[in-house]
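Descriptive structure summary
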Amino acid sequence: MSLTMHTSLGDIKIELYCETAPRTCFNFLALAASNYYDGCLWHRNMKGFMIQSGDPTGSGKGGNSIWGKEFSDEFHPNNQHDRRGIVAMANKGLARNKSQFYIIYAPQPHLNDRYTVFGHVIYGFDTLDKMENVPVSEKKHRPLTDITLQSITIHANPFADQDIVFRSPEDAPL
């Protein structure tokens, strides 16, 4: 249950929490498998806090789920914003997840049970260091030099391997 994000600054390997955030991981893996994230900018970068991507428009206001609509959060006591490299969904409020996600640079406990944690970095902390140190605009925290999510390589997808499908964000898997 892992994938590698190939960025313009290097690779980041992520382990996904498919058992504790299955709907979120299904959405993320389906979007990645369809090349949805290829070419996305890391459009928001806040040193000591997080870096965000997943919007194909590059504006930070776009993106959609695999179902074409928002889907609910999946909170689990084991999935916490407790260390550098945690991966979580970015959204506009509870139950408003689509395609945008972020990686934190440091523990952020105030985000627990507000944003769905669905993975963590297992390799590529040097790349994360490079990303964190890219200069940004003062107002919007946009990198002054583009950082691009070039592509994603999926190493293991338990949903595809077992023919599991979430037909809608509300339904149980088939």
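Going by the structure above, here's the rest.
Residues numbered from 1 in each chain as written. Predicted model: local features only at pLDDT ≥ 70, side-chain atom pairs only at ≥ 80, totals over all residues. Heavy atoms only, no water.

**Observations concerning unusual backbone geometry**
For clarity, the cut-off: Numbered from the N terminus, helices here are DSSP runs of H or I no shorter than four residues, and strands are runs of E no shorter than two.
Even without a glycine there, the phi angle at Asn35 is positive, about 65°. Secondary-structure assignment places Asn35 in the loop between α1 (22-33) and β3 (40-41).

**Quick look at a positive patch on the surface**
Using the following cut-off: Here, patches come from residues exposed beyond 30% relative accessible area and free of salt bridges, joined within 9 Å for like charges and within 5 Å for nonpolar side chains (Val, Leu, Ile, Met, Phe, Trp, Tyr). Surface exposure here means Shrake-Rupley accessible area, sampled with a 1.4 Å probe, where a residue is shielded only by the protein chains that are shown. Any carboxyl oxygen of Asp or Glu within 4 Å of a side-chain nitrogen of Lys or Arg constitutes a salt bridge here. We count Lys and Arg on the positive side and Asp and Glu on the negative side, and we leave His and both chain ends out. Where a charge sits is defined by one atom per residue type, namely NZ (Lys), CZ (Arg), CG (Asp) or CD (Glu). Buried residues are those whose accessible area, probed at 1.4 Å on protein chains only, stays under 20% of the maximum for their type, while exposed residues exceed 50% and partly exposed ones sit between those limits.
Judged by side-chain charge, Lys61, Lys92, Lys139, Lys140 and Arg142 come together as a positively charged surface patch. Within the secondary structure layout, Lys139 lies in the loop between α2 (125-132) and β9 (148-154). Residue classification places Lys139 among the exposed residues on the basis of a relative accessible area of 76%.

**Things to note about the pairing of strand β8 (residues 117-123)**
Along any regular strand, the residues point their side chains to alternate faces of the sheet. To keep things clear, this is the line we draw: Whether two strands pair depends on DSSP finding at least two bridges between them.
With five of seven residues buried, β8 is to be regarded as a mostly interior element. Examined bridge by bridge, strand β2 (residues 10-16) and β8 share four bridges and lie antiparallel to one another. Across the sheet, Glu15 pairs through a bridge with His120, a residue of β8. Bridging between strand β6 (residues 86-91) and β8 involves three bridges; their strand directions are antiparallel. Paired with Ile86 across the two strands is His120, which belongs to β8.

**A short note on the pattern of salt bridges**
This model, assessed by the stated rule, comprises five salt bridges. Residue Glu170 is joined to Lys69 by a salt bridge in which the shortest nitrogen-to-oxygen separation is 3.6 Å. With Glu170 in the segment after α3 (158-161) and Lys69 in the loop between β5 (50-53) and β6, the pair connects residues that are 101 residues apart, well separated along the chain. Using a relative accessible area of 39% as the deciding quantity, one classes Lys69 as partly exposed. Here the salt bridges do not stand alone but share partners, grouping Arg84, Asp129 and Glu132 into one network.

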